Amino acid sequence: MSETSFTPRVFSGIQPTGNLHLGNYLGALKRFVDWQAMDAETIYCMVDLHAITVWQNPTDLQKSTRELCAGFIAAGLDPEKSILINQSQVPEHAQLAWVFNCVARMGWMQRMTQFKDKAGKNAQNASLGLFAYPALMAADILVYHATHVPVGEDQKQHLELARDIATKFNHDYGVDFFPITEPVIEGAGTRVMSLRDGTKKMSKSDVSDASRINLTDDADTIAKKIRKAKTDPDALPSEVEGLSDRAEAKNLVNIYAGLNNQSVEDVLVDVGGKQFSEFKPMLVELAVSKMSPITTEMARLMEHQDEIDKILARGAERARAITAPILRQTYDIIGMVPPAPF
Ligand code: AQP
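Analysis parameters
- Within each chain, residue numbers correspond to sequence positions counted from 1 in written order.
- In keeping with the model being predicted, local features are shown solely for residues with a pLDDT of at least 70 and side-chain atom pairs are shown and tallied solely at 80 or more, while totals for entire chains, interfaces and linings include all residues.
- Computation of side-chain values covers all heavy atoms of the structure but excludes hydrogens and water.
- The numbering of helices and of strands both runs from the N terminus, where a helix is a DSSP run of H or I of at least 4 residues and a strand a run of E of at least 2.
- This radius of gyration counts C-alpha atoms alone. The globule rule is 2.2 Å times how many residues there are, raised to the power 0.38.
- Throughout this description, buried means an accessible area under 20% of the type-specific maximum (1.4 Å probe, protein chains only), exposed means over 50%, and partly exposed covers the range between.
- For this analysis, residues touch if any pair of their heavy atoms sits within 4.5 Å.
- Here the accessible surface of atoms and residues is derived via Shrake-Rupley with a 1.4 Å probe, and residues count as covered only by protein chains that are part of the display.
- Positive residues here are Lys and Arg, negative ones are Asp and Glu, while His and the chain termini are left out of the count.
- A charged residue contributes its charge at one atom only: NZ of Lys, CZ of Arg, CG of Asp or CD of Glu.
- Throughout, near means a residue has at least one heavy atom within 4 Å of the molecule or strand.
- The term polar contact refers here to a pair of N or O atoms within 3.5 Å; inside protein, the definition further demands a hydrogen-donor-capable atom paired with an acceptor-capable atom, and it admits residues adjacent in sequence only when both atoms are side-chain atoms.
- Charged residues are taken to be Asp, Glu, Lys and Arg, nonpolar residues to be Ala, Val, Leu, Ile, Met, Phe, Trp, Tyr, Cys and Pro, and polar residues to be all remaining types, Gly included.
- Residues with no salt bridge and a relative accessible area higher than 30% make up the patches, which join like charges within 9 Å and nonpolar side chains (Val, Leu, Ile, Met, Phe, Trp, Tyr) within 5 Å.
- Salt bridges are counted wherever a side-chain nitrogen of Lys or Arg sits within 4 Å of a carboxyl oxygen of Asp or Glu.
- The start and end points of each domain follow an automatic or database-based domain assignment.
- Note on terms: buried area is the combined drop in 1.4 Å-probe accessible area of two parts once they are placed together, counting the loss on both.
- Aromatic rings from Phe, Tyr and Trp, with only the six-membered ring used for Trp, were paired whenever their centres fell within 6.5 Å, and each pair was classed as stacked if the ring planes differed by under 30 degrees, edge-to-face if by over 60, and tilted otherwise.
- A fitted line through C-alpha atoms represents every axis, and for helices the fit uses only the stretch in contact; the resulting angles, taken between N-to-C directions, go from 0 to 180 degrees.
- Under this scheme an angle from 65 to 115 degrees is roughly perpendicular, one under 35 degrees roughly parallel, and one over 145 degrees roughly antiparallel; angles in between are oblique.
- Each crossing gets its hand from how the near helix is turned against the far one by less than a right angle, where anticlockwise is left-handed and clockwise is right-handed.

Looking only at helices and strands, the protein has 13 helices and five strands in total. Against the compact-globule benchmark of 20 Å for 342 residues, the protein has a radius of gyration of 21 Å, which places it among compact chains. Considering only C-alpha atoms, the protein reaches an extent of 75 × 45 × 40 Å along its principal axes. Sorting the 342 residues of the protein into buried and exposed places 52% on the buried side. Pairs at least 24 residues apart make up 76% of the contacts formed inside the protein by residues separated by at least 6 positions. Working note: accessible area of the protein is about 16,200 Å², and carbon and sulfur atoms make up 52% of it. A gap of 5 Å separates the mean positions of the 36 positive and 44 negative side-chain charges of the protein.

Now the structure itself:
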């Protein structure tokens, strides 16, 4: 089956679990905006059903979902151009996920590193939802017949599983129905690391707030976190190879490159030979100039929650015009009797 037989359609999502950070921005959000600018058909989702695979306080979940929607818009997503939704308002995601639960194999799920990381040592006590997470993610993508999925590098394994599910479904039912989706993992920001430990991913759930730059941080906080970011005593190299065993230096240069839309090579041409005492103020200035307008706009939008709710409702209506027929076709393929008119 060839991907080109499907209209290019971009889908991606972020969990509304609070602490939206620079990694989510560079690895996902900023690239969502780039796809929108390319006039692709773009659908972006607050994946609230994914969020509850681990415990969420209901009041916080509602707030985080609206805050994430505000973050999407503040970062440059236009609800007229892109379809913005929260997953639970488009029931076909969960309905197709059930079908995929019956296509995916236990062994496939057991290999998922995110499950192992999040379940930790007490896997028996993890929710069934956390185990089945990648089947829901495959449904999120395939219920739109999405062809391109921009994500950070941590999601690569889940996207490969979505391809396996699509392939197995097509093979089992002898159809050419689900596209084999392209992961789009490219650029300097696909793996932003903790500011406290360059070997650990920047993460919402890191107990240290100093490890990440939150999209809600003000300019002073951003500056303080960058000034305190872990580094080494050496000057920056002029060649990429010089960063290979310097995790923290590599991370800060990557962040600079991602924020400035440059390659790491080009950044090093400008900053090679500089000490961190000189480079960090440059990074502070760049980060504040890029992040502060987003923070300010998010705060403004959060004062108009009714507008956010209307955007989500309208997004769901537009989304369902795509997802309902695809789910119906799926049900027809697998032999579910359709409702008869009466
Ligand atoms: N550090 C990162 N660098 C680049 N991209 C990242 N993403 C997440 N962290 C980084 C990308 O952000 C998108 C949304 O991710 P998510 O909401 O599914 O959250 P996550 O991956 O669970 O984010 P965290 O911060 O890592 O949360 P916790 O701490 O709960 O595990 C995805 O495209 C992801 O690749």
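Having put the structure on the table, let's press on.
Let us look at the site of the ligand. As a structural note, the neighbourhood of the ligand is formed by 23 residues, with Asp154, Lys201, Ser203, Lys204 and Ser205 the closest of them. For the ligand, an oxygen atom lies 2.4 Å from a polar atom in the side chain of Ser203. Surface burial for the ligand is 94%, taken as the share of its 640 Å² of free accessible area covered by protein chains. Of all the elements in the fold, those that place two or more residues in the shell around the ligand are β1 (9–14) and α1 (22–37). Per element, the largest residue contribution to the shell around the ligand is four residues, and it comes from α1. Tallied by class, the residues present in the shell around the ligand amount to six nonpolar, 12 polar and five charged.

A separate point is a negative patch on the surface. Together, Glu239, Glu241, Glu265, Asp266 and Asp270 line one region of the surface with negative charge. With respect to the helices, strands and loops of the structure, Asp266 is situated in helix α11 (residues 264–271). For Asp266, a relative accessible area of 42% gives the class partly exposed.

Among the surface-exposed residues, Arg196, Lys224, Arg227 and Lys228 lie close enough to one another that they form a single positively charged patch. Along the chain, Lys224 turns up in helix α9 (residues 219–228).

Domain boundaries assigned for the protein yield domain 1 (9–189 + 304–334) and domain 2 (209–300). Placing the centre of domain 1 and that of domain 2 at their C-alpha centroids yields a distance of 29 Å. Surface buried jointly by domain 1 and domain 2 totals about 1,400 Å² across both partners, of which 70% is contributed by carbon and sulfur atoms. On the domain 1 side of the contact with domain 2, Leu22, Ala74 and Ala188 bury the most area, a combined 35% of that side's loss. The interface formed by domain 1 and domain 2 includes zero salt bridges. Connecting domain 1 to domain 2 are four residue pairs in polar contact (both at pLDDT 80 or more).

This brings us to the packing of aromatic side chains. According to the stated counting rule, one finds 10 aromatic pairs in the structure shown. Taking 4.3 Å as the distance between ring centres and 5° as the angle between the ring planes, the aromatic pair formed by Phe32 and Tyr44 counts as stacked. Taken together, the residues span a long stretch of sequence, with Phe32 in helix α1 and Tyr44 in strand β2 (residues 41–46) at a distance of 12 residues. Assigned by exposure class, Phe32 and Tyr44 land together as buried. Taken together, Phe100, Phe169, Tyr173, Phe177 and Phe178 form an aromatic cluster joined through their ring pairs.

Here we take up the packing of helix α3 (residues 58–74) against helix α12 (residues 276–302). Put simply, α3 and α12 touch, their axes get as near as 8 Å, and they point 130° apart. In terms of orientation, α3 and α12 fall into the oblique class. Of the two possible hands of crossing, α3 and α12 adopt the one that is right-handed. In this structure, α3 uses Lys63, Arg66, Glu67, Ala70, Gly71, Ile73 and Ala74 to contact α12, whose residues at the interface are Ile294, Glu297, Met298, Leu301 and Met302. Partitioned by chemical class, the residues of the contact of α3 with α12 number seven nonpolar, one polar and four charged.

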